[in-house]
Amino acid sequence: MPDIQKSSPEEILARINELGNEEEWFHCIDLGNGIFTMREPVKHLQTLWEILDKHIPLDLTGMSVLDIGCNAGFFSVAAKNRNAQYVLGIDTSPGYLRQAEFVRDVLRLNIDYRQMSVYELPVLEQQFDLVFCLGVIYHCSDPFLAAKNVLAATRDIAIIESAVMKHAENVNDRPLWEFVFPGYSHVHEERCYNWWFPNTQGLVALFRSAGFRSVEPIFESENRCCILCRV
Ligand SMILES: C[S@@+](CC[C@H](N)C(=O)[O-])C[C@H]1O[C@@H](n2cnc3c(N)ncnc32)[C@H](O)[C@@H]1O
């Protein structure tokens, strides 16, 4: 493969297309020179970045960041751009990791990526000042084990974002998790690997039970929620 940093815009666009054939791009990342990894950003990701923007320090100098389910690395790049000392992104999908590595190389950022599941985190034997676990927990067949592993990898703060169960507004008096496997394939027969959808209280209860000292919701909408957990 040619050195991406010496590639022409046409070659970069061609590589974006190639990588999108393997796994459809989910992250819209600005690669400079008017080139983006996809045309339209996914709506909830814009909202999510606005939320995180308010809750993480503007300057992450000296801090380590773990991005679980990093996909093409939107949030890893954002952390590195805030001067994080060390950023590790993990994901189970080789295709998404190839996208993340391509983005990193085009942007000339120093970010580590590893093919690894949230279930394998203990092998790292490492803690991170800031942990992102965004859009991952409902893909986990064992959310409690995932939450315990997030705790074990967190030195200070973890931010967890999730889709929430449908009609959660009718059942907001108690923590709930809805088991959806083999899952909703909403409209099309598309790959679907959702296992559980919580309501916001359910997500809070899970991470409290896993052992976080404090857990507070920082965002709730009809279909997504986000919590901030402290060790
Ligand atoms: C809905 S995307 C969210 C991507 C990104 N975190 C975000 O919020 O935009 C879910 C990502 O989690 C990854 N994933 C799914 N199960 C995982 C697991 N057990 N461990 C780590 N990553 C996982 C998928 O490959 C995918 O990239």
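Each remark here, short or long, concerns the structure printed above.
Structural notes, computed from the coordinates.

Conventions we followed
Residues numbered from 1 in each chain as written. Predicted model: local features only at pLDDT ≥ 70, side-chain atom pairs only at ≥ 80, totals over all residues. Heavy atoms only, no water. 1 Å grid on protein atoms, 1.4 Å probe; cavity = no way out; pocket = protein on both sides within 12 Å on 5 of 7 lines; lining within 4 Å. Points joined across faces, edges and corners; volume = space filled by probe spheres on them. Nonpolar A, V, L, I, M, F, W, Y, C, P; charged D, E, K, R; others polar. Pairing = 2+ DSSP bridges. Helix = DSSP H or I, 4+ residues; strand = E, 2+ residues; numbered from the N terminus. Axes fitted to C-alpha atoms, helices over the stretch in contact; angles between N-to-C directions. Contact = heavy atoms within 4.5 Å. Expected span 1.5 Å × (residues − 1). Buried < 20%, exposed > 50% of the residue type's maximum accessible area, 1.4 Å probe, protein only. Arc of directions from axis to C-beta. Parallel < 35°, antiparallel > 145°, perpendicular 65-115°, else oblique. Left-handed = near helix turned anticlockwise from the far one by under 90°.

Some thoughts on the layout of surface pockets
Next up, step 1: The calculated volume of the second largest pocket comes to roughly 280 Å³.
Next up, step 2: Taken together, Leu 13, Ile 16, Asn 17, Gly 20, Glu 24, Trp 25, Phe 36, Thr 37, Met 38 and Arg 39 make up the full set of residues lining the second largest pocket.
Next up, step 3: Along the lines of polarity and charge, the residues of the lining of the second largest pocket split into five nonpolar, three polar and two charged.

Section: the sheet that holds strand 9 (residues 224-230)
Next up, step 1: Taking strand neighbours across the sheet as the criterion, the seven strands line up as 3-2-1-4-5-9-8 in an open arrangement whose pairing is mixed. Because the sheet does not close on itself, it has two edges, and the strands there are strand 3 (112-115) and strand 8 (214-220). Neighbour-to-neighbour, the strand axes of the sheet open up by a mean angle of 15°, direction not taken into account.
Next up, step 2: Taken together, the four bridges between strand 2 (residues 86-91) and strand 3 define a ladder with parallel strand orientation. Residue Ile 90 lies in a different strand from strand 3, and its bridge partner there is Arg 114.
Next up, step 3: In this fold helix 3 (residues 74-81) packs onto strand 1 (64-68), strand 2, strand 3 and strand 4 (128-134), with an angle of close to 175° to the strand it touches most, strand 2.

Considering helix 1 (residues 9-22)
Three or four residues apart is the spacing at which side chains of an α-helix point the same way, because the helix has 3.6 residues per turn.
Next up, step 1: In this model helix 1 runs 20 Å from its N-terminal to its C-terminal C-alpha over 14 residues, within 8% of the 20 Å that 1.5 Å per residue would give.
Next up, step 2: Within helix 1, burial applies to Ile 12, Arg 15, Ile 16 and Leu 19. Each buried residue of helix 1 lies within a common arc of 105° when the element is viewed along its axis, so the set occupies one face. Among the exposed residues of helix 1, those oriented more than 90 degrees off its buried face are Glu 10, Asn 17 and Asn 21.
Next up, step 3: Packing partners of the buried residues in helix 1 comprise helix 4 (94-107).

Observations regarding the packing of helix 1 against helix 4
Next up, step 1: Where helix 1 contacts helix 4, the axes come no closer than 9 Å and their chain directions differ by 160°. By the angle between their directions, the pair helix 1 and helix 4 is classed as roughly antiparallel. Considering how the two elements wind past one another, helix 1 and helix 4 form a crossing that is left-handed. Here helix 1 contributes Ile 12, Arg 15, Ile 16, Leu 19, Gly 20 and Glu 22 to the contact with helix 4, which in turn contributes Gly 95, Arg 98, Gln 99, Phe 102 and Val 106.
Next up, step 2: Split by residue class, the contact of helix 1 with helix 4 holds five nonpolar, three polar and three charged.

Focus: unusual backbone geometry
Next up, step 1: In this structure, Asn 33 takes a positive phi of about 50° despite not being glycine.
Next up, step 2: Mapped onto the elements, Asn 33 comes out in the loop between helix 1 and helix 2 (43-55).
Next up, step 3: Although it is not a glycine, Glu 125 adopts a positive phi angle of roughly 50°.
Next up, step 4: Looking at the element boundaries, Glu 125 is found in the loop between strand 3 and strand 4.
Next up, step 5: For Glu 125, a relative accessible area of 75% puts it in the exposed group.

Observations regarding the environment of Ser 214
Next up, step 1: Tracing the sequence through the fold places Ser 214 in strand 8.
Next up, step 2: A C-alpha to C-alpha distance of 40 Å links Ser 214 and Leu 19, two positions 195 residues apart in sequence.
Next up, step 3: Setting aside residues no more than four positions away along its own chain, Ser 214 makes contact with Leu 228, Cys 229 and Arg 230.

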